[in-house]
Protein chains: 4
Amino acid sequence: MAGNTFGKNFTVITYGESHGAAIGGVIDGCPAGIDIDLEAIQYDLDRRKPGQSKIVTQRKESDTVQFYSGIFEGKTTGTPIGFQIVNENQKSKDYSHIKDTFRPSHADKVYEDKYGHRDYRGGGRSSARETASRVVAGAIAKQMLSQIKVTAFTSSVGDIFIDKPYQALDFSEIENNIVRCADPVTAKAMEERILQIRKEGDTIGGTITCVVQGVPAGLGEPAFDKLHADLGKAMLSINAVKGFEYGSGFCGAKMKGSEHNDLYNTDGSTKTNLSGGIQGGISNGMDIYFRVAFKPVATIMQSQETINSNGDIVEMQGKGRHDPCVVPRAVVIVEAMAALVLADHFLRARTSKI
Amino acid sequence: MAGNTFGKNFTVITYGESHGAAIGGVIDGCPAGIDIDLEAIQYDLDRRKPGQSKIVTQRKESDTVQFYSGIFEGKTTGTPIGFQIVNENQKSKDYSHIKDTFRPSHADKVYEDKYGHRDYRGGGRSSARETASRVVAGAIAKQMLSQIKVTAFTSSVGDIFIDKPYQALDFSEIENNIVRCADPVTAKAMEERILQIRKEGDTIGGTITCVVQGVPAGLGEPAFDKLHADLGKAMLSINAVKGFEYGSGFCGAKMKGSEHNDLYNTDGSTKTNLSGGIQGGISNGMDIYFRVAFKPVATIMQSQETINSNGDIVEMQGKGRHDPCVVPRAVVIVEAMAALVLADHFLRARTSKI
Amino acid sequence: MAGNTFGKNFTVITYGESHGAAIGGVIDGCPAGIDIDLEAIQYDLDRRKPGQSKIVTQRKESDTVQFYSGIFEGKTTGTPIGFQIVNENQKSKDYSHIKDTFRPSHADKVYEDKYGHRDYRGGGRSSARETASRVVAGAIAKQMLSQIKVTAFTSSVGDIFIDKPYQALDFSEIENNIVRCADPVTAKAMEERILQIRKEGDTIGGTITCVVQGVPAGLGEPAFDKLHADLGKAMLSINAVKGFEYGSGFCGAKMKGSEHNDLYNTDGSTKTNLSGGIQGGISNGMDIYFRVAFKPVATIMQSQETINSNGDIVEMQGKGRHDPCVVPRAVVIVEAMAALVLADHFLRARTSKI
Amino acid sequence: MAGNTFGKNFTVITYGESHGAAIGGVIDGCPAGIDIDLEAIQYDLDRRKPGQSKIVTQRKESDTVQFYSGIFEGKTTGTPIGFQIVNENQKSKDYSHIKDTFRPSHADKVYEDKYGHRDYRGGGRSSARETASRVVAGAIAKQMLSQIKVTAFTSSVGDIFIDKPYQALDFSEIENNIVRCADPVTAKAMEERILQIRKEGDTIGGTITCVVQGVPAGLGEPAFDKLHADLGKAMLSINAVKGFEYGSGFCGAKMKGSEHNDLYNTDGSTKTNLSGGIQGGISNGMDIYFRVAFKPVATIMQSQETINSNGDIVEMQGKGRHDPCVVPRAVVIVEAMAALVLADHFLRARTSKI
């Protein structure tokens, strides 16, 4: 019950701290017989890794994943898939200055309150480094879901946002810019904003939009494990996420039923899709789309007052190599978590009927 | 894996369809020794029940809960608590007209796709009637969490919203108006809007804000079961919910780190609370607050085109007694789900340290 | 985590105490589209109910089950199946004499130690009355597993046992005698033994053998959820069970590999079946068979010394209507639990391959 | 749901195949603040490892465990503990001869049936090599349970058995002989029997007895997760186990209630302990003891007929280095699984009362 496992049928458990020897995980419940493309997994990891462009942290990690089990002669065997990524950047430097100091809007103090004893180096377990393991699991989930296409992209940085519906965007543009924005013009403005923010020693929030296409009808369970409820939990479990909305989202709360209802075509598809591809928690075959809000990274390169474990006020000067905006690297994490949810419900749906 | 259970340590499973003989559930993992106030449970049910005011559905259900186990001589015994609410309004009328017709933006068609065989009467399992069972379980969770105060209220109806922070509101006003808005003036405007919408045969969306006070530091688990991730899932599992945000939420995505960080006071509390009482998924002792978006009810009293199971276009005239706005009755459901999440994490936190 | 749910995909939770208003449960994960034969369910309940013959307790309970959800027009709908059995025999008599007295080899004292507050009437939650709910769920599991035949029978009472392999028995004899022994001659001896034991005011133990035929190959999971491990847990969770063995069982521990190995026929079946139909935790298509040991009922009609909650020695005279031997009524419980395990693994096996 | 995780609050997932690069696992739910003795963990691994004496397989594996997370400055941190053991003995030899041949009483064929695609080298996932990961997790569980002492020993090999109750044995003798028998004289006979069996190219079964002392009252849950039910499942999940009994076990099935009941002393302990330290599934503070039956190892050094994947009869000559009797190396596995069950219920019991 310690919260390090995700999923019920297709599951992943992750382990590892920011500055331990390695991070990794175990995928369980992945069916046998899936052809595994190791390069595609590493490609996703590379989209998340530090140092990939001038707008992300300049830390260096190759983030190479190694598999130990569950894959044999290129195919999954149905047994658990153990994997690991060595932490290359864990220098044996002195962390005593943060041992007893609680950084503002970080998890330092709550870990101390909860556990009494914590690995304080670089955030320990609370570091977003853990999400590399999610990317590995998500990449395998994507390979299982060969008919389903999961696409995430940066839809806003600060107050700069794409002002078009996703249907008007060319997803092939996403990897053509370092912000991973699906609109090239907006991407340019976002990139400039992030560079300026970094120059200020500050950070900035943003949003990611994710579109899932090719989902068969019938995924998701009634009551508590609604498909969008599990998607929401998955997204909210990513570091720095503050909000989730799908389909019409918060805008839908301002609408009338006569505006919001999606009328049917004779083939069972709907003329509009304010529902976001999910009815009553169950996929209806239309595109699923949702939006995820990320707060600005808490580590800023400015001086801040904070407290230490004695409750004394201390001055803290941000240092190290951190992301001025987490969103460009989080795009692939959003995709990974979406894929994990869909893989889980894909398997769960196999037992709906006798 | 069928999604009808919520929670890991403090759990509830619900059963029952809209027009079956009864709905009910089983609460498991509730510790022994809690004094149970049955009137407080019924009070919460009454806040959810139909027919309670002129702005909600006029269906009549007394929604009286009966308990069968797990409570003895006024106290919980630590064994499962079985309970039931009889469906009084399930008339043996003819439902054949909806048997083969799929209502727009309802779950009729996805249930048919998923299960092949469904109870089509009144939405069956997909009806929000199921949430009455959640209210029962949530009311018991509240009684377990005697130090924690969960307060939800209507914060917007359509485009009418409270334009004050929750700290400026008097929560004792909430039950003084039938909209359950914490601001009396805004409440009046909301009520008028809902009455007008009903006159139009239409429905309207809205938002609910929830504030949780008195939460001890240390609730919530790292990685996937972050406290706000479980709160988000809980809220998104409520019928008609389209979005969830906590603390700074979607606004936080527009902010800079230097604006967003919550600096510490020497007692470990924070000067601001954009974090929303949770850091790294773990409660920090500050107020937890979040906002939930509800779409407009899909059943409108207007004529709509839709399809039947043959894919023919058919005209459908809304009838029956439905809510013009779901939000006033959903306030207590939001509270119940929040209480269930907190109760679960309250127990889970007992094993963090040796 | 309170242990009242069984299964992972096909699950049942039970609630209820011996002398509460009712017992019941919820089956979740049962696929849609199964034809439900209500009489077959009641038939199994009747095989478990008290008062059915002269060798079982003479308490009177009709044990009529009522269903509330999940079954519509004679078929399962895929939604949770809520059911209940009213406790008819819960007289409002005075239980104060057992409130503070701990009966030997009963759970009275451990419940007091564990929970502080307990329903002491008739054993409360620890009473075998709870198993009636298991019989309901098991009967539905049997109907799901239409190709699989689960047959249990009394194989020993005290030191009287059937001295033939199960293949030499005629299972149609089982319900022809009140002991539910598959061998008519042994049945007669067992019946006499039980009657004599009752006359002595004593009780006696026994064993039940269960044979499962028609199991497809491939049910069961590697490592921890081996099919026989789940069968073992299921059986050991039945009141009064002290041991479980399958296939060669404890005798196998005395054998050599050259004697124990089951050699293959060319069709993949095996010439012998010391393995008991399971290899490496996974069914191989041969008969599964196992044996379950039940201790003698702890309530005897003799005077015993025991202690009260003050630690004083008190004299206790057994009274009431209790089973002299639990085995005849437990046969159907063994079947029910076996069916639940198989139903669960039947669904789980659907996700082994892509 | 793939069965590779054990436990609910204190959990372990294992991964790895016999001849993959490594095996390992993740322990989750271990509380923070436990002092970890790495040598004690390695000591337990050494008791399981091959090549340790002349009566076990002569394969060579150092079985050195490496930890990656969850332990910091010598103490657990409450975060998941990832660990790994490199497979040193996985030679790149040719396995094609067993690729398509199904060894009698092995899991080769059922894996093929279940998964279609399997790692056939050395048994793959079905190999008992997986249990090394259990020993690691169990050793940590033991360190958490500092007041509880878990002791297992060989109680029979073939028809040679210890004919004394465990109370008459000196547990300090167990590690003084290579059979791990608690009685030195019997140990000698067992050792000779195993050596002779090996000379014959055969194998032999045996039993292990386990005694758990110092268990507080109140561990275990009613209904399905009875303490002995979870112990039984844990033991039955160990490779080659065919039976489990606790307390009076199968002998109890022959007894009368007047013989079997454990009468109380005034301090709440019992004069006898046929119950085996558990009442109604909950520990009562007395010693818990149980017995586990192991079949003879299926791989024998004799010629056997078997079939290949075409269904042809083929001659198979046992080769390689295998255990003539699995029991001496399984003693520590039994202890590990018992410790895992107790650790899990130790944590679960923390939420029994408010």
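Residues numbered from 1 in each chain as written. Chains lettered and ligands numbered in written order. Predicted model: local features only at pLDDT ≥ 70, side-chain atom pairs only at ≥ 80, totals over all residues. Heavy atoms only, no water.

Going by the annotation in an unreviewed UniProt entry, the name recorded for chain A is Chorismate synthase, with Nonlabens xylanidelens given as the source organism. Quoted verbatim from the Subunit (unreviewed entry) field of UniProt, the annotation for chain A is "Homotetramer." According to UniProt, the comment filed for chain A under the heading Catalytic activity (unreviewed entry) is "5-O-(1-carboxyvinyl)-3-phosphoshikimate = chorismate + phosphate". (UniProt positions renumbered as here; feature names shortened; annotations may be inferred.)

Turning our eyes to something else, we now look at the overall build of chain A. Along chain A, the regular secondary structure elements total 9 helices and 17 strands. In terms of C-alpha radius of gyration, chain A reaches 21 Å, essentially the compact-globule figure of 20 Å for 354 residues. Projected onto its principal axes, the C-alpha positions of chain A cover 65 × 45 × 40 Å. Taken over 354 residues, chain A has a buried fraction of 68%. (Helix = DSSP H or I, 4+ residues; strand = E, 2+ residues; numbered from the N terminus. Rg over C-alpha atoms; globule rule 2.2 N^0.38 Å. Buried < 20%, exposed > 50% of the residue type's maximum accessible area, 1.4 Å probe, protein only.)

Here we take up the interface of chain C and chain B. Counting from both sides, the interface comprises 39 residues of chain C and, opposite them, 39 residues of chain B. Surface buried jointly by chain C and chain B totals about 3,300 Å² across both partners, of which 62% is contributed by carbon and sulfur atoms. Of all residues in chain C, Tyr68, Phe72 and His117 of chain C give up the largest surface area on contact with chain B, accounting jointly for 21% of the area buried on that side. The interface formed by chain C and chain B contains 0 salt bridges. Here chain C is connected to chain B by 10 residue pairs in polar contact (both at pLDDT 80 or more). Counting only elements with at least two residues in the side of chain C that touches chain B, the list comes to β2 (11-15), β3 (22-28), β6 (75-76), β7 (81-86) and α3 (108-115) of chain C. For the side of chain C that touches chain B, the per-class residue count stands at 14 nonpolar, 16 polar and 9 charged. (Contact = heavy atoms within 4.5 Å. Buried area = accessible area lost by both parts, 1.4 Å probe. Salt bridge = Lys/Arg side-chain N within 4 Å of Asp/Glu carboxyl O. Polar contact = N/O pair within 3.5 Å; in protein donor to acceptor, adjacent residues only side chain to side chain. Nonpolar A, V, L, I, M, F, W, Y, C, P; charged D, E, K, R; others polar.)

Glancing now at the sheet that holds strand β17 (residues 313-317) of chain D. Residues and elements named next belong to chain D. Taken in spatial order, the 3 strands of this open sheet run β8-β16-β17, and their pairing is antiparallel. Edge positions in the sheet fall to β8 (101-102) and β17, since each of these pairs with one other strand and no more. The sheet contact formed by strand β16 (residues 303-308) and β17 spans 5 bridges and is antiparallel. Directly across from glutamate 305, in β17, lies its bridge partner glutamate 315. (Pairing = 2+ DSSP bridges.)

Expressed as a screw transformation, the operator carrying chain C onto chain D has a rotation angle of 180° and an axial translation of 0.0 Å, and the superposed copies differ by an RMSD of 0.0 Å. Such a combination of rotation and displacement between the chain copies is what one expects of a two-fold axis. With an isologous cut-off of 70% or more, the 100% of interface residues of chain C that recur at the interface of chain D puts this contact in the isologous class. (Least-squares fit on C-alpha atoms with pLDDT ≥ 70 in both.)

With that out of the way, let us pick up the UniProt feature "binding site: FMN" (unreviewed entry) in chain A. In this structure's numbering, the residues bearing the UniProt feature "binding site: FMN" (unreviewed entry) are Arg125, Ser126, Ser127, Asn239, Ala240, Gly280, Lys295, Pro296, Val297, Ala298, Thr299 and Arg321 of chain A. A maximum C-alpha distance of 44.2 Å among these annotated residues, which run over 197 residues, shows that they spread across the structure rather than meeting at one spot. Residue position: alanine 240 of chain A is located in the loop between α6 (227-236) and β12 (241-246). When near neighbours in sequence (up to four residues on either side) are disregarded, alanine 240 of chain A contacts Ala293, Phe294 and Lys295 of chain A. By secondary structure assignment, the location of glycine 280 of chain A is in the loop between β13 (278-279) and β14 (282-283). Since its relative accessible area comes to 30%, glycine 280 of chain A is described here as partly exposed. Aside from chain neighbours lying at most four places away, what touches glycine 280 of chain A is Lys226 of chain A together with Ala107 of chain B.

Attention shifts here to helix α3 (residues 108-115) of chain A. Counting buried positions over the 8 residues of α3 of chain A gives 6, a clear majority of the element. Tucked inside the fold, the buried residues of α3 of chain A contact β8 (101-102) and β16 (303-308) of chain A together with β13 (278-279) and β14 (282-283) of chain B. Positive backbone phi, approximately 80°, marks glycine 116 of chain A, located one or two places after α3 of chain A.

All names here are of chain B. Of all 7 residues in strand β3 (residues 22-28), 7 are buried, a share of seventy percent or more. Where strand β2 (residues 11-15) and β3 come together, 5 bridges link them in antiparallel fashion. Paired with threonine 14 across the two strands is glycine 25, which belongs to β3. Taking the residues that link successive antiparallel strands as the turn, the β2-β3 hairpin has 6 residues, and the phi of glycine 16 there is positive, at about 115°. Where β3 and strand β7 (residues 81-86) come together, 6 bridges link them in antiparallel fashion. Within the sheet, the bridge partner assigned to isoleucine 27 lies in β7 and is isoleucine 81.

We now examine the relation of the copies chain C and chain B. Aligned on chain B, chain C shows an RMSD of 0.0 Å; the corresponding rotation is 180° and the shift along the axis is 0.0 Å. A shared interface surface links the copies, since 100% of the contact residues of chain C are contact residues in chain B too.

Residues and elements named next belong to chain A. Axis separation between helix α1 (residues 38-48) and helix α4 (residues 131-144) bottoms out at 9 Å; the angle between their running directions is 140°. α1 and α4 meet at a crossing whose hand is right-handed. Across the interface between the two elements, Ala40, Ile41, Asp44, Leu45, Arg47 and Arg48 of α1 pack against Thr131, Ala132, Val135, Val136, Ala139, Ile140, Lys142 and Gln143 of α4. Looking at side-chain class alone, the contact of α1 with α4 contains 8 nonpolar, 2 polar and 4 charged residues. (Axes fitted to C-alpha atoms, helices over the stretch in contact; angles between N-to-C directions. Left-handed = near helix turned anticlockwise from the far one by under 90°.)

A few words on helix α6 (residues 227-236) of chain D. Burial runs high along α6 of chain D: 10 of the 10 residues are buried. Among all positions of α6 of chain D, only Leu227, His228, Ala229, Asp230, Leu231, Gly232, Lys233, Ala234, Met235 and Leu236 of chain D are buried.

Residues and elements named next belong to chain A. On the UniProt side, "binding site: NADP(+)" (unreviewed entry) is annotated at positions that read Arg48 and Lys54 here. With respect to the element layout, arginine 48 can be found in helix α1. Residue arginine 48 is classed as buried on the basis of its relative accessible area of 3%. Among all residues touching arginine 48, those that are not within four sequence positions of it are Asp63, Ala128, Arg129, Thr131, Ala132, Val135, Arg329, Val332 and Ile333.

The partner chain D presents 105 residues to the 105 residues of chain C that form the contact. Here chain C and chain D share an interface that buries about 8,100 Å² over both sides, 59% of which is from carbon and sulfur atoms. On the surface where chain C and chain D come into contact, there are 8 salt bridges. In this structure, aspartate 225 of chain C engages lysine 233 of chain D in a salt bridge whose closest nitrogen and oxygen atoms are separated by 2.7 Å. Seen at the junction of chain C and chain D, the total is 45 residue pairs in polar contact (both at pLDDT 80 or more). Looking at the side of chain C that touches chain D residue by residue, the class counts come to 39 nonpolar, 41 polar and 25 charged. Relative to strand β12 (residues 241-246) of chain D, strand β12 (residues 241-246) of chain C runs antiparallel, the two being bridged by 3 bridges. Its bridge partner lying in β12 of chain D, glycine 243 of chain C is registered against glutamate 245 of chain D.

In this structure the tally under the stated criterion is 120 salt bridges over all chains. Where glutamate 112 of chain B meets arginine 118 of chain B, a salt bridge forms, and the shortest distance between an N and an O atom there is 2.8 Å. With a relative accessible area of 27%, glutamate 112 of chain B lands in the partly exposed category. Connected through shared salt-bridge partners, Lys8, Asp225, Asp230, Asp344 and Arg348 of chain A together with Lys233 of chain B make up one network.

Here the structure, examined in full by the defined rule, presents 30 aromatic pairs over all chains. Here tyrosine 166 of chain B and tyrosine 289 of chain B contribute two aromatic rings whose centre-to-centre distance is 5.3 Å and whose plane-to-plane angle is 45°, an arrangement assigned as tilted. A residue pair is termed long-range when its members are at least 10 positions apart, and tyrosine 166 of chain B in the loop between β10 (160-161) and α5 (184-199) and tyrosine 289 of chain B in strand β15 (residues 288-294) qualify at 123 residues. Neither residue differs from the other here; tyrosine 166 of chain B and tyrosine 289 of chain B are each classed as buried. Judged by centre distance (5.4 Å) and plane angle (40°), the ring pair of phenylalanine 244 of chain C and phenylalanine 290 of chain C falls under tilted. Of this pair, phenylalanine 244 of chain C sits in strand β12 while phenylalanine 290 of chain C is found in strand β15 (residues 288-294), placing the two residues 46 residues apart along the sequence. Between the NZ or CZ atom of lysine 114 of chain C and the centre of the ring of tyrosine 115 of chain C, over which it lies, the distance is 5.8 Å. Above the face of the tyrosine 246 of chain D ring, lysine 242 of chain C is positioned so that its terminal group lies 3.8 Å from the ring centre. (Phe/Tyr/Trp six-rings, centres within 6.5 Å; stacked < 30°, edge-to-face > 60°. Lys NZ or Arg CZ within 6 Å of the ring centre and 35° of its normal.)

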